[in-house]
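Understanding the architecture of this molecule
Listed below are the residues making up each chain.
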Amino acid sequence: MRKLPAALTVLGMAALGTVVPVSAAHAAETCSDNYSAARAGYMYAYNSVDCVGQLGLAFGDDENWGNSSQSFQGGDTNKASSILNKGNSEEVQFFNGTNTWTGGHTCLSRNERYASDLTNNYFTSGASANNSISSHRWVHASTCDRWAT
């Protein structure tokens with residue numbers, strides 16, 4: 001007798017699973033989702049493509065992501081694989097050098113909003129932008145020679 005209710009419970013749960021499937025994709029974050037939730041006036045950097053694994057965010061400039069003295073902390077340098085710009089009035093210029101805004105740059109415009117995969121983006125120096133960002137600053141578009149997409 002006890003086996004019948006247990007079997008019915010298992011069958012009922014299985015049937016419910018086919019009616020209401022649970023999707024892992026539904027829970028996955030995306031750059032579009034993160035942009036909608038981002039704070040106005042900030043830029044964000046992520047450890048993985050598609051804006052997954054937030055490294056940090058910044059309202060102002062950070063001339064060295066590796067020194068832990070500003071928005072980004074020591075472990076954040078050279079790890080970004082996607083970036084997001086929800087700035088109010090300027091673009092974000094990213095560098096693969098520190099302290100003097102050197103080493104080549106790429107920019108992310110407010111209109112572009114985010115670059116979900118930096119593997120096909122390069123700094124003006126020719127170096128890959130993926131896992132190579134060491135600093136950033138807010139600039140006017142006229143300062144930018146290369147744009148992240």
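From a predicted model like this one, the values you see are computed outputs, not experimental measurements.

Next up on the list: the sheet that holds strand β5 (residues 105-108). One open sheet holds the three strands; their spatial order is β5-β4-β7, and the pairing between them is antiparallel. Pairing within the sheet leaves two strands with one partner each, and these edge strands are β5 and β7 (135-139). Taken pair by pair, the neighbouring strands of this sheet meet at an average axis angle of 25 degrees, ignoring direction. Where strand β4 (residues 91-95) lies against β7, five bridges are found, and the strand directions are antiparallel.

This paragraph deals with the sheet that holds strand β1 (residues 42-48). Remark on secondary structure: sheet strands pair via backbone hydrogen bonds, oriented parallel or antiparallel. The strand order across the open sheet built from four strands is β2-β1-β3-β6, with neighbouring strands paired in antiparallel fashion. Each end of this open sheet is capped by a strand with a single partner; those strands are β2 (52-58) and β6 (114-115). Across five bridges, the pairing between β1 and strand β3 (residues 82-86) is antiparallel. Following the sheet pairing, Ala45 is matched in β3 by Ile83.

Before going further, it helps to spend a moment on unusual backbone geometry. The backbone phi angle of Cys51 is positive, close to 60 degrees, even though this residue is not glycine. Its place among the elements puts Cys51 in the loop between β1 and β2. Residue Cys51 is classed as buried on the basis of its relative accessible area of 0%. Phi angles above zero are rare outside glycine, and Ser68 is one such case at about 60 degrees. Along the chain, the position of Ser68 falls in the loop between β2 and β3. The class of Ser68 is partly exposed, set by a relative accessible area of 38%.

Criteria and thresholds
- Residues numbered from 1 in each chain as written.
- Predicted model: local features only at pLDDT ≥ 70, side-chain atom pairs only at ≥ 80, totals over all residues.
- Heavy atoms only, no water.
- Pairing = 2+ DSSP bridges.
- Helix = DSSP H or I, 4+ residues; strand = E, 2+ residues; numbered from the N terminus.
- Axes fitted to C-alpha atoms, helices over the stretch in contact; angles between N-to-C directions.
- Buried < 20%, exposed > 50% of the residue type's maximum accessible area, 1.4 Å probe, protein only.

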